[in-house]
Amino acid sequence: MNALSRLPRFLLILSCIAAFACGSDETGETTPTGAKLSGSFSASVDGSDVTVDYAGGKLVAELVHKINTSEKGYGCITSVFLSVAKADGSCALELTYQPGAGDGLALSKASFFAVGGDKQGGILINPIKCAGFPGAEGNSEVEWTLAGGDSNLSVKPVKPGEANKKSASLADQDLKLSGKIKLKKGGKLFELDLSSIRIQGTLTSVGSTQVSCGTAKGVEVCPKGVTYGNKVGTYVRRPLGAYHCTDDSIYDPGELCGSPAQVLVAYQHWVTEKDNYGGKDVLGGLGKTVTNTKDLGVIFVVLTGKQKVVVKNAEGKFEASGPAPTQADCAEIKKLYNLPDSVVMLYDKDKALTSTEKMPVGAGFTPGIAVASSTGKIVQLLPDSAGKMDQGMLDAAIQAAVDAE
């Protein structure tokens, strides 16, 4: 596992603190718990009825609580990551819960693996297939991701005497999942009822002073009274002035406040359609960066369309430019770079973000990338002043953004 994939996860600390085997997507190891897993789900998938029973299966439970400095105080659970699978490791279902608008924790991310298994360098080397599940016949990873629905989780607070510890033991836990969610892959969809899945026994939680018992992510946790802009030291503009590629709604980057780090890409399609442009490798690996960096917030803004246009400027000189982008440009670019659905795709449909004051990223290059902290404060621009950008530079910038908070 590379350093980047560990950045945002307080959760992975659990493996080491609790004296269990440290898990890794490079080895396929998991973090065991002292709890018992039971329950199943049934669903109609691509015209077939399937049932997945997790009784006696594998369980990974990673919890984080806010440290209470008082030995007599309680500590709230601020996040829960659960991975349940059958005894052979197949049919893995991963669920991430964080503080929501109401009581308890709300589901923020979910994945079901019809084909999963051990990875090395992000490549599946030991496919584990969910027997009988549609689409689980091949040897490539088959992942279904969250597409809607609601699920909540109530977890008992950490008791006094444990809440002030960096590693707390949570005895007699009885976690009952609730709600129905929808999972998607391509154009296919199925509904999954989580209500029968149950986890009972002793769990371990990692303590942190840097977490909140309130909303963990969203505009509510954005800093107030800050300076917005596109340079290092300013905060990512809210709103950017760009529109969602799917429904033309205005997007507020404040929705990413609370993410471990934020990456904002400004893309000129007419320039980067050439096969030898600078930054090609970074964009080509962006999807993998998102996958390897848990909860990383990424906004991809398409500033121009693909066709080259030559225009006459105010000084009478001719310059190359591009037309206003379209939703078709968005779709082409997302497919070209294999960007996951978690990447927020935006486009400047009115071509209004061309001035220095309105450009999303003030790097002076295309593609340009701004890397910001969890609060939205820009800590680095890529390419650098010499026009250089590579994957290592992006990884280092994301690490700096995480460390900035």
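Residues numbered from 1 in each chain as written. Predicted model: local features only at pLDDT ≥ 70, side-chain atom pairs only at ≥ 80, totals over all residues. Heavy atoms only, no water.

**Student:** Would you explain the nonpolar core in this entry?
**Tutor:** Among soluble globular proteins, nonpolar side chains are generally buried collectively. Formed by 47 residues in total, the largest nonpolar core has its most connected members in Tyr54, Tyr97, Phe112, Phe133 and Phe190. The greatest single-element share of this core, amounting to six residues, is contributed by strand E7 (residues 105–120). Setting aside its immediate chain neighbours within four residues, Phe190 contacts Phe41, Ala43, Ser44, Val45, Phe112, Phe133, Trp144, Ile181, Lys182 and Leu183. Val282, Val343, Leu382 and Ala397 belong to the second largest nonpolar core, which has 32 residues in total. (Core = buried A, V, L, I, M, F, W, Y, C linked by side-chain atoms within 4.5 Å. Buried < 20%, exposed > 50% of the residue type's maximum accessible area, 1.4 Å probe, protein only. Helix = DSSP H or I, 4+ residues; strand = E, 2+ residues; numbered from the N terminus. Contact = heavy atoms within 4.5 Å.)

**Student:** How should I be thinking about the confidence of the model for the protein chain in this particular structure?
**Tutor:** Detail in the predicted coordinates should be disregarded across regions flagged by low pLDDT. Taken residue by residue, the protein chain gives an average pLDDT of 85. The fraction at 70 or more is 90%. Segment residues 1–32: pLDDT under 50, and 83 contacts once partners within four positions in sequence are set aside and those in other chains are kept. (pLDDT = per-residue confidence, 0-100.)

**Student:** Teacher, can you tell me more about the side chain of Asp329 here?
**Tutor:** Tracing the backbone through its elements, the reader meets Asp329 in helix H5 (residues 327–336). We note that Asp329 is buried and unpaired, the nearest opposite charge coming from Lys306 at a distance of 7.2 Å. For Asp329, the side chain forms a polar contact with the side chain of His269, separated by 3.0 Å. At a separation of 2.9 Å, a polar atom in the side chain of Asp329 contacts the main-chain amide nitrogen of Thr326. (Lys, Arg positive; Asp, Glu negative; His and termini not counted. Salt bridge = Lys/Arg side-chain N within 4 Å of Asp/Glu carboxyl O. Polar contact = N/O pair within 3.5 Å; in protein donor to acceptor, adjacent residues only side chain to side chain.)

**Student:** I'm lost on the pairing of strand E4 (residues 58–66) in this one. Help?
**Tutor:** Along any regular strand the residues' side chains alternate between the sheet's two faces. Of all nine residues in E4, seven are buried; the element is thus mostly enclosed. In this sheet, strand E5 (residues 77–85) lies alongside E4 in antiparallel orientation, the contact comprising eight bridges. Bridge pairing in E5 places Val60 opposite Ser83. Here E4 runs beside strand E14 (residues 198–208); their pairing, made up of four bridges, is parallel. Paired with Val64 across the two strands is Val206, which belongs to E14. (Pairing = 2+ DSSP bridges.)

**Student:** Would you take a moment to explain the sheet that holds strand E22 (residues 344–347) for this structure?
**Tutor:** Within a beta sheet, neighbouring strands are joined by backbone hydrogen bonds and run either parallel or antiparallel to one another. The six strands lie next to each other as E17-E22-E19-E18-E23-E24, forming an open sheet whose pairing is mixed. At either margin of the open sheet sits one strand with a lone partner, and together these are strand E17 (243–244) and strand E24 (378–382). Across the face of the sheet, H5 comes into contact with strand E18 (262–268), strand E19 (297–304) and E22 while running at roughly 145° to E22. Relative to strand E23 (residues 368–372), helix H6 (residues 391–403) is tilted by about 30°, and along the sheet it contacts E18, E23 and E24. (Axes fitted to C-alpha atoms, helices over the stretch in contact; angles between N-to-C directions.)

**Student:** Just checking my understanding: could you explain H6 for this structure?
**Tutor:** At 3.6 residues per turn, the α-helix brings residues three or four places apart onto the same side. With 13 residues, H6 extends 18 Å from end C-alpha to end C-alpha; this agrees with the ideal 18 Å at 1.5 Å per step. All buried positions along H6 are accounted for by Met393, Leu394, Ala397, Ile398, Ala401 and Val402. Where H6 starts, the residue carrying a side-chain oxygen 3.2 Å from the main-chain nitrogen of Gly392 turns out to be Asp390. (Expected span 1.5 Å × (residues − 1).)

**Student:** Would you take a moment to explain the environment of Ile197 for this structure?
**Tutor:** Along the chain, Ile197 falls in the loop between strand E13 (188–193) and E14. A relative accessible area of 1% means that Ile197 is categorised as buried. Residues Ile197 and Leu177, spaced 20 residues apart in sequence, show a C-alpha to C-alpha distance of 5.9 Å.

**Student:** Sorry if this is basic, but what is going on with the pairing of strand E9 (residues 142–149) here?
**Tutor:** Pairing analysis gives four bridges linking E7 to E9, with the strands arranged antiparallel. From the neighbouring strand, Phe113 faces E9, where its bridge partner is Glu143. With four bridges connecting them, E9 and strand E12 (residues 180–185) associate as antiparallel partners. Following the sheet pairing, Leu146 is matched in E12 by Leu183.

**Student:** Explanation requested: the pattern of salt bridges in the structure shown.
**Tutor:** Between side chains of opposite charge, a pair can form when the charged atoms approach closely. Counted under the stated rule, the structure contains eight salt bridges. For Asp341, the salt bridge identified is with Lys184, shortest N-O distance 3.2 Å. Here Lys184 lies in strand E12 and Asp341 lies in the loop between H5 and E22, a separation of 157 residues in the sequence. In this structure Asp341 comes out as partly exposed when scored by relative accessible area, which is 44%. Close ionic contact of Lys306 with Glu332 constitutes a salt bridge, the shortest N to O distance being 3.0 Å. Placement of Lys306 in the loop between E19 and strand E20 (309–312) and of Glu332 in helix H5 is noted, with a sequence separation of 26 residues between them. Ionic contacts of the salt-bridge type, sharing partners, join the residues Lys184, Lys334 and Asp341 into one network.

**Student:** For this particular structure, what's the right way to read unusual backbone geometry?
**Tutor:** Comment: phi is negative for the bulk of residues other than glycine, and the bulk of peptide bonds are trans. The omega torsion across Arg238 and Pro239 is -10°, close enough to zero to call that bond cis. Counting through the fold element by element, Pro239 comes out in the loop between strand E16 (235–236) and E17. Here Leu382 and Pro383 are connected by a cis peptide whose omega angle stands at 0°. As for its position among the elements, Pro383 is in the loop between E24 and H6. At Asp46, a position not held by glycine, the phi torsion is positive, near 50°. With respect to the helices and strands, Asp46 occurs in the loop between strand E2 (40–45) and strand E3 (48–53).

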